Amino acid sequence: MNFCAPGAVFIFALALSAGTAAAPVDQNAGTQDIDRSIRPGDDFYRYANGTWLRTATIPAGQPSYDTRAILVERTSQRVRELIQEAAAAHAVRGSIAQKVGDYYASIMDEAAIEAKGLTPLAAEMAQIAAITNKALLAAYLGSTLNSEVDGLTGNADHIFGVWVNQSFDDSKHCVFHLLQGGLGMPDRDDYLDPSPKMAELRAQYKTHIAAILKLSGIPDAETRAARVLALEIQIAQAHAPDADAADVFKQNNPWKRADFNVKAPGMDWGAYFTAGGVAGQSEFIVWQPSAVTGTSALVGRESIDVWKDYLTLHVIEHYANILPKAVAAEHFAFYGTVLSGAQQRPDRSKEAIVATNAALGQAVGQLYTRRYFPPDAKAKAQAMVGNLIIAYRARIANLTWMSPQTKEKALAKLAALRIGLGYPDTWIDYTTLDVVRGDAFGNMRRAEALNRSRNLAKLTQPADPDEWRIDPQIVGAVIVFSPNTETFSAGILQPPFFDSQGDDAWNYGSAGAGIAHEISHSFDELGNIYDGQGRLGNWWTAEDLAKYHAAAERVAAQFDGYCPLSGVCINGKQVLSENIADLAGLLVAHDAYVLSLKGKTDVVINGLSGEQRFFLAFAQRWRRAQTEEALRRQIATDHHAPGEYRSDTVRNVDAWYKAYEVSPGDKLYLKPEDRVGLW
Ligand SMILES: [Zn+2]
């Protein structure tokens, strides 16, 4: 799990990638991957995965290969086919397929893009050219106030971004969260780190700025590039340091409209907010006050000409991929090669697929789920999650470390938790979006405008906890604490994790344990600062915390004992919260699996009982082929233990001993009193 910003946590939301054909994966293949020469009680991970581990090949240049990578490949290929089919179909005007197909086809039409040159930008360039005073500058900046950011991404594309979401204190209404932005390079440190390596990066960025300005026909590009870089360095100085950006209590800064004039002089805020379409907005949550104050001062202090060059640069960068080749190539030379190390620009069709997904995510999602995640798959996943919730309710009620009053709050939070599965019940309405084949630029502008007005409209609507924050065709899931919601996409709910036509034992051991893991975060040290309505405020008592930590020490100690490489051991504290979540997930998923049987006896499939398949699926969930270097890096830096030890979580579950007849003398055997668990 990555911590991008509190209040919202992205879990393995992997972007769609390559789109090369992937080997088929299904649950039946799972039993073929077993290495029967290994006793399950001695090494459950290699018993479950031995055959797969012997044959898996890490793709060249990659540090590892695992089920998620396979699913991303498979799903990317499917999405590619769906989009290209839509483009070839010339579907009826106004339909989802027409919009998706024409959006893609327009980006693929490089001849049309080349022929237009920079003329699509003419209106925007004229607006920038017409800036002759600070009020006009503020108005133009306001018109760039975008809604491409959310609580998951910290750095807006323009000087500020807006995220419309419920407030930290009021779950009923959406408020205007204002986030810092405006940097061309991704990190504040890229601008401020004095090391020679970063100084070199800045020199390369300056060269790139000059190249873009030159392409736009601006004279004296080198001198101007230096001034633009100097401006961005000052913006970076105003940005909140990473540590502050990660502390939600530092982000919850309610400002009234009048506060901007007092706390952040320099900008003509009236002009700014009017141009941004939010003239009547009175309440704001300012996530990084220093950035608002600092950037506003720069608007007041720096010359209009420097700002105009800065704006010219950023408008070209923003649309670079749908501008002529010379611009797109220069954009890639810096963002692809210098910043990301990619030597070659990806195939045009890949860029077009990424752009189509970005603009029409839920339209592509509709095409995807129609074919790959029908309503019965959703119903099956919902039934499983229903059992997980019942199991959690019982486990929370029986906790020994949580006080009765805290349990009451935890149970209320559980009851309020919204879990989205597969795809949203209500899709984004693209009816008013006009997508015209041959107009790549206009299509992107209109898609952005729709996104922006859709977001601003939320300011006057009740907060919707069921809003989807991940596209169904992404292989991933999102936990959002505010509101109290978790979402698992159709892309992650596919074999071998979940098969709507498949075996319950397998589904509960794999996807079930995964979903239950994520649910546990709503109730642990991550989620304990948000209540059932997603309002900020710690609901654990000091005594709960102390008892939790005391119990957690035994989990940390167990993992301290694992040493994958000679002299290299797991740091139990570093991976503790994820291991506790794994334990919770496994225990709850097993309870839920038993519930799903409704008293019926197990069936044997491929020679394995349901109990055996449940634990096998869990162990296979964690398999990964990785280089030794990647393993060392993971041990040193990751909050997740290597897959082998996550799989070994089974040692703490009594039912595993029974399922595989594990007994004293087996290497993984733990005496009952040495088995740990917090949930
Ligand atoms: Zn986790």
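What comes next concerns the included structure.

Cut-offs applied
- Residues numbered from 1 in each chain as written.
- Predicted model: local features only at pLDDT ≥ 70, side-chain atom pairs only at ≥ 80, totals over all residues.
- Heavy atoms only, no water.
- Donors = N, O, S within 2.8 Å, 3.2 Å for Na, K, Ca; no water.
- Helix = DSSP H or I, 4+ residues; strand = E, 2+ residues; numbered from the N terminus.
- Buried < 20%, exposed > 50% of the residue type's maximum accessible area, 1.4 Å probe, protein only.
- Pairing = 2+ DSSP bridges.
- Axes fitted to C-alpha atoms, helices over the stretch in contact; angles between N-to-C directions.
- Expected span 1.5 Å × (residues − 1).
- Arc of directions from axis to C-beta.
- Parallel < 35°, antiparallel > 145°, perpendicular 65-115°, else oblique.
- Contact = heavy atoms within 4.5 Å.
- Nonpolar A, V, L, I, M, F, W, Y, C, P; charged D, E, K, R; others polar.
- Bend = angle between axes of the 7 residues up to and from the residue.
- Polar contact = N/O pair within 3.5 Å; in protein donor to acceptor, adjacent residues only side chain to side chain.

Details of the coordination of the zinc ion
Then step 1. Listed as protein donors to the zinc ion are His 517 (NE2), His 521 (NE2) and Glu 578 (OE); their distances from the metal cover 2.1 Å.
Then step 2. In primary sequence terms, the donor set of the zinc ion follows H-x3-H-x56-E. Here the residue His 521 occupies a position in helix α23 (residues 504–521), and Glu 578 occupies one in helix α25 (residues 576–597), the gap between them amounting to 57 residues.
Then step 3. Exposure remark for His 521: the relative accessible area of 0% places this residue in the buried category.

Topic: the sheet that holds strand β5 (residues 174–180)
Then step 1. A sheet is described by the order of its strands in space; here four strands give the open sequence β4-β5-β7-β6, paired in mixed fashion. Edge strands, defined here as strands with exactly one partner in the open sheet, are β4 (160–166) and β6 (254–256). Within the sheet, the average angular offset between the axes of one strand and its neighbour, ignoring direction, is 35°.
Then step 2. Both β5 and strand β7 (residues 283–286) contribute to a ladder of three bridges, which runs parallel. Pairing of His 177 across the sheet is with Ile 285, part of β7.

Structural notes on helix α15 (residues 289–301)
Then step 1. The end-to-end C-alpha separation of α15 is 18 Å, in line with the 18 Å expected for 13 residues at 1.5 Å each.
Then step 2. Along α15, the residues classified as buried are Ala 291, Val 292, Thr 295, Ser 296, Leu 298 and Val 299. Projected down its long axis, α15 shows its buried positions confined to an angular sector of 155°, all on one face.

Structural notes on the packing of helix α7 (residues 134–143) against α15
Then step 1. Packing of α7 against α15 leaves a shortest axis separation of 10 Å and a crossing angle of 140°. Judged by the inter-axis angle, α7 sits oblique to α15. Counted together, Lys 134, Leu 137 and Leu 141 of α7 and Val 299, Gly 300 and Arg 301 of α15 form the full contact between these two elements.
Then step 2. The class makeup of the residues in the contact of α7 with α15 is three nonpolar, one polar and two charged.

Notes on the environment of Ala 86
Then step 1. Within the secondary structure layout, Ala 86 lies in helix α3 (residues 67–89).
Then step 2. With 580 residues separating them in the primary sequence, Ala 86 and Asp 666 have C-alpha atoms 56 Å apart.
Then step 3. Ala 86 has contacts with Ala 97, Val 100 and Gly 101, leaving out every residue within four places of it along the chain.

What to know about the environment of Lys 116
Then step 1. Tracing the sequence through the fold places Lys 116 in helix α5 (residues 110–116).
Then step 2. For Lys 116, a relative accessible area of 34% corresponds to the partly exposed category.
Then step 3. With 207 residues separating them in the primary sequence, Lys 116 and Leu 323 have C-alpha atoms 8.4 Å apart.

With respect to α23
Then step 1. Over its 18 residues, α23 runs 24 Å from end to end, which matches the ideal 26 Å to within 8%, given 1.5 Å per residue.
Then step 2. Along its length, α23 reaches its greatest deviation from straightness, about 40°, at Gly 512.
Then step 3. Among the 18 residues in α23, 17 count as buried, and that is most of the element.
Then step 4. The N-terminus of α23 is capped by Asp 503, whose side-chain oxygen sits 3.2 Å from the backbone nitrogen of Ala 505.

With respect to unusual backbone geometry
Then step 1. Note the cis peptide between Ser 482 and Pro 483, where omega equals 5°.
Then step 2. With respect to the helices and strands, Pro 483 occurs in the loop between β9 (475–480) and β10 (485–489).
Then step 3. Cis geometry is found at the peptide bond from Pro 495 to Pro 496, where omega equals 5°.
Then step 4. Relative to the helices and strands, Pro 496 is located in the loop between β10 and α23.
Then step 5. One non-glycine residue, His 90, adopts positive backbone phi at about 50°.
Then step 6. Position of His 90 relative to the elements: it lies in the loop between α3 and α4 (96–108).
Then step 7. Of note, Asn 606 is a non-glycine position whose phi angle comes to about 50°, a positive value.
Then step 8. Relative to the assigned elements, Asn 606 resides in the loop between α25 and α26 (610–621).

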